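Results of the structural survey
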Amino acid sequence: MLAKTMEEILRAEHPTYIGGGTDIMPLLKNHVRNDQDLVFVSEVPDLHGIEEKEGYLYLGAGERLYDISVNDLVKEKWPAIAQAAGATASPQIRNIATVGGNIMQDRRCIYFNQSRYWRSGLPLCFKTGGKVCLQIPNSPVCRAIYYSDVATALMLYEAEAECVENGQRSWVPVAELIARHSQANGLACSQHLPVLVVRFRAPVPPEGERSGFYKYAMRATIDFPLINFALRCGGSRPARVVAGAVAPEPVVLEETAHMLENSQAADEEILACCEGELKKLAKPIKEACISPALKRGLYQYLSFLLPLRKGNG
Ligand SMILES: Cc1cc2nc3c(=O)[nH]c(=O)nc-3n(C[C@H](O)[C@H](O)[C@H](O)COP(=O)(O)OP(=O)(O)OC[C@H]3O[C@@H](n4cnc5c(N)ncnc54)[C@H](O)[C@@H]3O)c2cc1C
């Protein structure tokens, strides 16, 4: 159903919300999901708008990644969000994909994102209704990785999401929404959160704060991140560093952020700290073009954001 109003969206009994469809359509085609009640939400006005109001940036969940990436307000005050949106997938996908769909995208794994025929030679995994993780057979949970680029940036700015669940509308931290989504998404692919994301909001950064996003992927023009980082420093609130594509949800690097605030610390010390912290927090698995050992070598890519310490970059 193509919804035109919030009432139409909320009338559906067991809905699966669709933004641009770029993530979910291949899953439906490959029969890893068999959702029936598809509700296309991206034309509903409540899910649109990019504006600064009462100390916050408000970002409709139905806004296209392209529009976010070129928006002057976002580029000026929340640059990591614009950069992440502009680095996601390819121009064609960014023209259709929505920020709500980007945050609620399925976690991915080389055993799962395959055709039904390919998968028929293997036991069912957690994400397809079985009782094993084919990546880490002794893991009690699915270890597929969450690759959203924009999530890393939204978490950098401690953004919140306005959600409707069981008819109740409320604001929840994006980190909490992703943690719940990640858990539900790892049980069985058909068990998604019955949550509608309406919009996001992120507080206006304090004067003097500098921030940015960096993504490393195999092909710069179209690819999921092998790793991504978002970093903020300067200004009056604590520095913050977030890393994505390393675990079932983005991870906040508190020790690295703490070291970032020490003006005496050399860049090499910060990178060593980041590497040490990611060794504890990351949960690498086998990916299409990289082994866990090689992935650990990518932790140094935080270096691309370190010029922000001195106001460069
Ligand atoms: C070739 C290719 C490359 C890609 N590269 C990247 C990449 O580099 N970085 C990256 O982050 N992603 C990437 N993606 C993943 C994905 O396509 C994009 O992240 C895109 O932003 C998804 O948005 P969408 O609106 O198309 O989502 P959809 O496919 O419409 O939805 C995705 C999920 O979100 C749910 N959903 C959608 N809207 C809402 C809402 N308002 N409320 C609640 N749930 C909702 C859907 O039910 C579905 O489960 C790539 C995909 C492809 C096919």
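Residues numbered from 1 in each chain as written. Predicted model: local features only at pLDDT ≥ 70, side-chain atom pairs only at ≥ 80, totals over all residues. Heavy atoms only, no water.

Here we look at the side chain of Asp35
The condition is simple: The way it works is that DSSP assigns letters per residue, a run of H or I at least four long becomes a helix, a run of E at least two long becomes a strand, and they are numbered from the N terminus. As used in this structure description, the phrase polar contact means that two N or O atoms lie within 3.5 Å; if the pair is within protein, one of them must be able to donate a hydrogen and the other to accept it, and residues adjacent in sequence are counted only when both atoms belong to side chains. Contact criterion: two residues are considered in contact whenever any of their non-hydrogen atoms come within 4.5 Å of each other.
Of note, Asp35 is situated in the loop between helix H2 (24-29) and strand S2 (37-40). Engagement of the side chain of Asp35 in a polar contact is seen with the side chain of Thr16, the distance being 2.6 Å. Among the polar contacts made by the side chain of Asp35, one reaches the side chain of Arg33 at a distance of 2.8 Å. Among all residues touching Asp35, those that are not within four sequence positions of it are Thr16, Leu28 and His192.

With respect to the site of the ligand
Quick reminder of the rule: The criterion for a residue being near a molecule or strand is simple. One of its heavy atoms has to lie within 4 Å of it. The Shrake-Rupley method, run with a 1.4 Å probe sphere, supplies the accessible areas, and residue values consider only the shown protein chains as cover. Classification convention: Asp, Glu, Lys, Arg as charged; Ala, Val, Leu, Ile, Met, Phe, Trp, Tyr, Cys, Pro as nonpolar; all other residues, Gly among them, as polar. What marks off one domain from the next here is an automatic or database domain assignment.
In the vicinity of the ligand, 33 residues are found, and the nearest of them are Tyr17, Gly20, Thr22, Thr98 and Asp223. With respect to the ligand, the backbone of Tyr17 contributes an N or O atom lying 2.5 Å from an oxygen atom. At a separation of 3.4 Å, an oxygen atom of the ligand approaches a polar backbone atom of Tyr147. Within the complex, 92% of the 960 Å² of free accessible area of the ligand lies under protein. Elements supplying a minimum of two residues to the shell around the ligand: strand S1 (15-18), helix H7 (99-103) and strand S7 (195-203). Here the residues of the shell around the ligand sort into 16 nonpolar, twelve polar and five charged. Both domains that furnish three or more residues to the shell around the ligand are identified here as domain 1 (6-203) and domain 2 (216-310).

Let's talk about the sheet that holds strand S9 (residues 227-233)
Here is the rule: Being paired, for any two strands, means DSSP has found at least two bridges between them.
One open sheet accounts for four strands, arranged S8-S9-S10-S11; its pairing is antiparallel. Every interior strand has two partners, whereas the edge strands, strand S8 (210-216) and strand S11 (251-252), have only one. As paired elements, strand S10 (residues 240-244) and S11 share two bridges and run antiparallel to each other. Counterpart to Ala243 in the pairing with S11 is Val251.

Focus: the sheet that holds strand S5 (residues 160-165)
Short version of the rule: With axes taken as lines fitted to C-alpha atoms, and helix axes fitted only over the stretch in contact, angles between N-to-C directions fall between 0 and 180 degrees.
An order of S3-S4-S7-S5-S6 is seen for the five strands of this open sheet, with the pairing classed as antiparallel. One side of each edge strand has no neighbouring strand; the edge strands of this open sheet are strand S3 (50-53) and strand S6 (168-173). With strand direction ignored, the average angle separating the axes of adjacent strands in the sheet is 25 degrees. Here five bridges tie strand S4 (residues 56-60) to S7, and the two strands are oriented antiparallel to one another. Paired with Tyr56 across the two strands is Pro203, which belongs to S7. Strands S5, S6 and S7 of the sheet are contacted by helix H10 (residues 174-187), whose axis makes an angle of about 100 degrees with S6.

Quick notes on the domain arrangement of the protein chain
Here is the rule: Put simply, buried area is the surface a 1.4 Å probe can reach on two separate parts but cannot reach once they are joined, added for both. A side-chain nitrogen of Lys or Arg and a carboxyl oxygen of Asp or Glu constitute a salt bridge if their distance falls within 4 Å.
Per the domain assignment, the segments making up the protein chain are domain 1 (6-203) and domain 2 (216-310). Inter-centroid distance (C-alpha atoms) of domain 1 to domain 2 is 22 Å. Listed by partner, the interface residues are 28 residues for domain 1 and 29 residues for domain 2. The junction of domain 1 with domain 2 conceals about 2,400 Å² of combined surface from both sides, 58% of it contributed by carbon and sulfur atoms. Our count for the domain 1 to domain 2 interface comes out at one salt bridge. In this structure, Glu158 engages Arg232 in a salt bridge whose closest nitrogen and oxygen atoms are separated by 2.7 Å. Between the two partners, domain 1 and domain 2, sit eleven residue pairs in polar contact (both at pLDDT 80 or more). Every element with two or more residues in the side of domain 1 that touches domain 2 is listed here: helix H9 (149-156) and H10. With six residues, H9 is the single largest residue contributor to the side of domain 1 that touches domain 2. Its residues placed into classes, the side of domain 1 that touches domain 2 shows 17 nonpolar, six polar and five charged.

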